[in-house]
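The primary structure of each chain is shown beneath.
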Amino acid sequence: MNIIVTGANGYIGRNVVRGLLGKGHQVTAMLFDGETPHHYLEGASLFYGNIFALSQDKKCDLVKDAECLLHLAWQAGFNHRDPSHLANAMKHYEFLTSMAELGIKNISVAGTMHEVGYFIGPIDENTPCNPRNPYGISKNFLRQAMFDFASVTPELNLQWLRFYYITGDDRFSNSIFTKILKAEDEGQEFFPLNSGEMLYDFIDIEELSAQIEERISSKQSGIFNCCSGKPKSLRTAVEEFIAEHNLKIKPRYNVFPSRPYDSMAVWGKK
């Protein structure tokens, strides 16, 4: 397929673009004006512009010959209380609906387990959502609004791809594993954590990219988990990461309390 990818230069985006290209898809990678493309985007067509401020002519240029839009763009995704989440939610909706109105019949949007809120157990497409931070609230709004739009736009195939905790490519993300590597580089002896006893769903970025490609290619509409389907404690994930990378730093548990919206055990159901 010919696939537009927003957020193509980001942590998830660049890996997904590389995976899509490897599967033979044509990719139009969206970047901000002046942004330097990551080398993983080599082979993709580059399209520069702010998705919230594209003229009608530029939108028409963007969708020309495209069959699918994969919407990964999101500001400050690792800061769950950033004010941009709520401020931009409607802008994402307006961009996505405008793409559908210009003829894109397949739209896949990145979701998050944080839209579910505090929950214990496996999450599936029918799990009730009660988000407890601005990031989750904004994503949940976008999901609900887009499926409402799809209900009156029968030609639109809408996919909501729900992501969990992503590992891999750790030098270039903002995850806890990136912070561990940074602390190691700085020569710190200990890395402070909470209890580490919470069970989460960890998925490697390459596996996530493969699942995204598979979902897009299926052209099925609905809510889909992109996940490992296996709960693992944060403590185990951290200690495995330290051992795998032969790091000297040691985890120090119970330094921080858990965030009030963090579930004790939550993972995706495949």
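Bear in mind that the values here come from a model prediction, so they are computed numbers and not experimental data. For every chain, the first residue of the written sequence is number 1, and numbering continues from 1 along that sequence. Totals for whole chains, interfaces and linings use all residues, but because this is a predicted model, local features are given only for residues with pLDDT of at least 70 and pairs of side-chain atoms are given and counted only at 80 or more. To get the side-chain values, all heavy atoms of the structure are used, and hydrogens and water are removed first.

Some points on the nonpolar core
Next up, step 1: Note on terminology: a nonpolar core comprises buried Ala, Val, Leu, Ile, Met, Phe, Trp, Tyr and Cys residues joined through side-chain atoms within 4.5 Å. Only protein chains enter the calculation, and the probe is 1.4 Å; a residue is then buried if its accessible area is under 20% of its type maximum, exposed if over 50%, and partly exposed in between. Formed by 29 residues in total, the largest nonpolar core has its most connected members in Phe95 and Ile107.
Next up, step 2: Put simply, DSSP H or I for four residues or longer makes a helix, DSSP E for two residues or longer makes a strand, and each gets a number counted from the N terminus. In terms of residues, this core owes the most to one element, helix α4 (residues 134-151), which gives 6 residues.
Next up, step 3: By definition in these notes, contact holds between two residues if any of their heavy atoms fall within 4.5 Å. The contact partners of Phe95, leaving out residues within four places of it in the chain, are Thr6, Met30, Ile51, Leu54, Leu62, Leu69 and His71.
Next up, step 4: Formed by 27 residues, the second largest nonpolar core is a distinct cluster that contains Ile3, Ala29, Leu72 and Ile166.

Details of the packing of helix α2 (residues 56-63) against helix α3 (residues 84-101)
Next up, step 1: Angular values range over 0 to 180 degrees, each being the angle between N-to-C directions of two axes fitted as lines to C-alpha atoms, with helices fitted over their stretch in contact. One way to put it is that α2 packs onto α3 with a least axis distance of 10 Å and a crossing angle of 60°. In this structure, α2 meets α3 at a crossing whose hand is right-handed. When α2 is examined against α3, the residues Lys59, Leu62 and Val63 are found in contact with a partner set consisting of Phe95, Ser98 and Met99.
Next up, step 2: When residue character is reported, Ala, Val, Leu, Ile, Met, Phe, Trp, Tyr, Cys and Pro are called nonpolar, Asp, Glu, Lys and Arg charged, and the others, Gly included, polar. Within the contact of α2 with α3, the residues separate by chemical class into 4 nonpolar, 1 polar and 1 charged. Note on convention: near helix rotated counterclockwise from far helix by under a right angle means a left-handed crossing. Clockwise means right-handed.

Notes on α4
Next up, step 1: By this rule the span expected of a helix is its residue count minus one, scaled by 1.5 Å. The first and last C-alpha atoms of α4 sit 26 Å apart over 18 residues, in line with the 26 Å expected at 1.5 Å per residue.
Next up, step 2: Looking at α4, one finds that the buried residues are Pro134, Tyr135, Gly136, Ser138, Lys139, Asn140, Leu142, Arg143, Ala145, Met146, Phe149 and Ala150.
Next up, step 3: Among the structural elements, α3, β5 (106-112), β7 (157-163) and β11 (222-226) are those in contact with the buried residues of α4.

Observations regarding the packing of α3 against α4
Next up, step 1: At a minimum axis distance of 9 Å, the contact between α3 and α4 shows a crossing angle of 25°. Judged on the interaxial angle alone, α4 and α3 are roughly parallel. Both α3 and α4 take part in a crossing whose hand is right-handed. Here His85, Leu86, Ala89, Met90, His92, Tyr93, Leu96, Thr97, Ala100 and Glu101 of α3 come into contact with α4, specifically with Pro134, Tyr135, Ile137, Ser138, Phe141, Leu142, Ala145, Met146 and Phe149. Oblique is the label for any angle not under 35 degrees, not over 145, and not in the 65 to 115 range, which are roughly parallel, roughly antiparallel and roughly perpendicular in turn.

Remarks on the layout of surface pockets
Next up, step 1: Within this model, the second largest pocket holds a volume of roughly 280 Å³.
Next up, step 2: Of the two site types, the cavity is a set of points on a 1 Å grid over the protein atoms alone where a 1.4 Å probe fits but cannot get out, and the pocket is an open set with protein on both sides within 12 Å along at least five of seven lines, each lined by residues with an atom within 4 Å of a point. Looking at the second largest pocket, it is lined by 16 residues, and the ones nearest its centre are Thr167, Phe202, Lys232, Glu240 and Glu244.
Next up, step 3: Secondary structure elements with two or more residues in the lining of the second largest pocket: β10 (199-204), β12 (231-233) and α7 (234-244).
Next up, step 4: Among the elements that take part in the lining of the second largest pocket, α7 stands out by supplying 4 residues, more than any other. Grid points are joined across faces, edges and corners, and a volume is the space filled by probe spheres set on the points.

Re the environment of Lys230
Next up, step 1: Mapped onto the fold, Lys230 is located in the loop between β11 and β12.
Next up, step 2: Residue classification places Lys230 among the exposed positions, given a relative accessible area of 60%.
Next up, step 3: If near-sequence neighbours (up to four positions away) are discounted, Lys230 is found in contact with Tyr200 and Asp201.

Description of the sheet that holds strand β2 (residues 26-31)
Within a sheet, each strand pairs with its neighbour through backbone hydrogen bonds, oriented either parallel or antiparallel.
Next up, step 1: Here a strand pair is declared whenever DSSP counts at least two bridges between the two strands. Within the open sheet, the 7 strands sit side by side as β3-β2-β1-β4-β5-β7-β11. Their pairing is parallel. Looking at which strands have only one partner, the edges of the open sheet turn out to be β3 (45-48) and β11. The average undirected angle you get between the axes of adjacent strands in this sheet is 25°.
Next up, step 2: Where β5 meets β7, 7 bridges bridge the pair, whose relative direction is parallel. Paired with Thr112 across the bridge in β7 is Phe163.
Next up, step 3: Each of β1 (2-6), β2 and β3 touches α2; the most contacted strand, β3, lies at about 165° to it.

Notes on the environment of Leu193
Next up, step 1: By the element assignment, Leu193 lies in the loop between β9 (190-192) and β10.
Next up, step 2: With 65 residues separating them in the primary sequence, Leu193 and Ser258 have C-alpha atoms 9.0 Å apart.
Next up, step 3: Residues in contact with Leu193, not counting those within four places in the same chain, are Ile176, Val238, Pro251, Arg252, Tyr253, Asn254, Val255 and Phe256.

So, the sheet that holds β10
Next up, step 1: With mixed pairing, 3 strands are arranged side by side in an open sheet as β8-β10-β12. A single partner strand is all that each edge strand has here, and the edge strands are β8 (165-167) and β12. Here the strands of the sheet are splayed against their neighbours by 60° on average, with no regard to which way each runs.
Next up, step 2: With 3 bridges joining them, β10 and β12 adopt antiparallel strand pairing.

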